[in-house]
Amino acid sequence: MNIQQTLSILKPDVTRRNLTGKVNAKIEEAGLRILAQKRLHLSKSQAQQFYAVHAERSFFNDLCEFMCAGPSVVQVLEGENAVARYRDIMGATNPANANPGTIRHEFAESIEANSVHGSDSLENAAIEIGFFFSKIEIVG
Ligand code: CMP
């Protein structure tokens, strides 16, 4: 068994369309447990800090504007190989390339409004979880 935790964000396009429950159903059906969850409205500077790794990319400013345009739901997910498992069920970054059945295929509007974020490595998962949650908020 290789139980991992990963950081998930349900982005503002999900909260705007009242899809939090539908996305959570997909997460739970995939065998991932939601150990922590909170709804928050990122400020521009928080979005810039969270996505700092993309600061040099052409889409950085639009991405940060989008992420602070409405509330998000941030989560800690746990399960077997949770980092890769969640990325599998999220589907490709661009929903046009996402496989049927994935969250982005079912729900995403565009490469920017692509419904969900998931950590891309175990190392980044620990950093991203620490960005939003303290230990006491993560309940196994
Ligand atoms: P996410 O997994 O949250 O990580 C970075 C985000 O940048 C990505 O999802 C996309 O929503 C967003 N993004 C916007 N434009 C692009 C692009 N051209 N290539 C990659 N990511 C993009």
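The structure contained in this document is the topic of the report that follows. Computed from a predicted model, the values in this text were never measured in an experiment.

Quick look at the side chain of Lys11 now. Within the fold, Lys11 resides in the loop between β1 (3–10) and α1 (12–16). One buried charged residue, Lys11, remains without a salt bridge, the closest side chain of opposite sign being Asp13 at 6.7 Å. Other than its neighbours up to four places away in sequence, Lys11 contacts Tyr51, Phe66, Met67, Pro71, Ser72, Glu112, Asn114, Ser115, Val116 and His117.

Right, let's talk about the packing of aromatic side chains for a bit. Any two aromatic rings considered together are summarised by their centre-to-centre distance and by the angle between their planes. Under the criterion given, the structure shown has four aromatic pairs. For the ring pair Phe50 and Phe132, a centre distance of 5.4 Å and an interplane angle of 40° mean the geometry is tilted. With Phe50 in helix α3 (residues 44–50) and Phe132 in helix α7 (residues 122–132), this pair connects stretches of sequence that are 82 residues apart. For Phe50, a relative accessible area of 10% translates into the label buried. Seen in terms of ring centroids, Phe131 and Phe132 are 4.8 Å apart; in terms of plane orientation they differ by 75°. Their pairing is edge-to-face. A relative accessible area of 9% places Phe132 in the buried class. Connected via pairs of aromatic rings, a cluster forms that spans Phe50, Tyr51, Phe131 and Phe132. Positioned above the aromatic ring of Phe133, the side-chain terminus of Lys38 is 4.7 Å from the ring centre.

Conventions adopted
- Residues numbered from 1 in each chain as written.
- Predicted model: local features only at pLDDT ≥ 70, side-chain atom pairs only at ≥ 80, totals over all residues.
- Heavy atoms only, no water.
- Helix = DSSP H or I, 4+ residues; strand = E, 2+ residues; numbered from the N terminus.
- Buried < 20%, exposed > 50% of the residue type's maximum accessible area, 1.4 Å probe, protein only.
- Lys, Arg positive; Asp, Glu negative; His and termini not counted.
- Salt bridge = Lys/Arg side-chain N within 4 Å of Asp/Glu carboxyl O.
- Contact = heavy atoms within 4.5 Å.
- Phe/Tyr/Trp six-rings, centres within 6.5 Å; stacked < 30°, edge-to-face > 60°.
- Lys NZ or Arg CZ within 6 Å of the ring centre and 35° of its normal.

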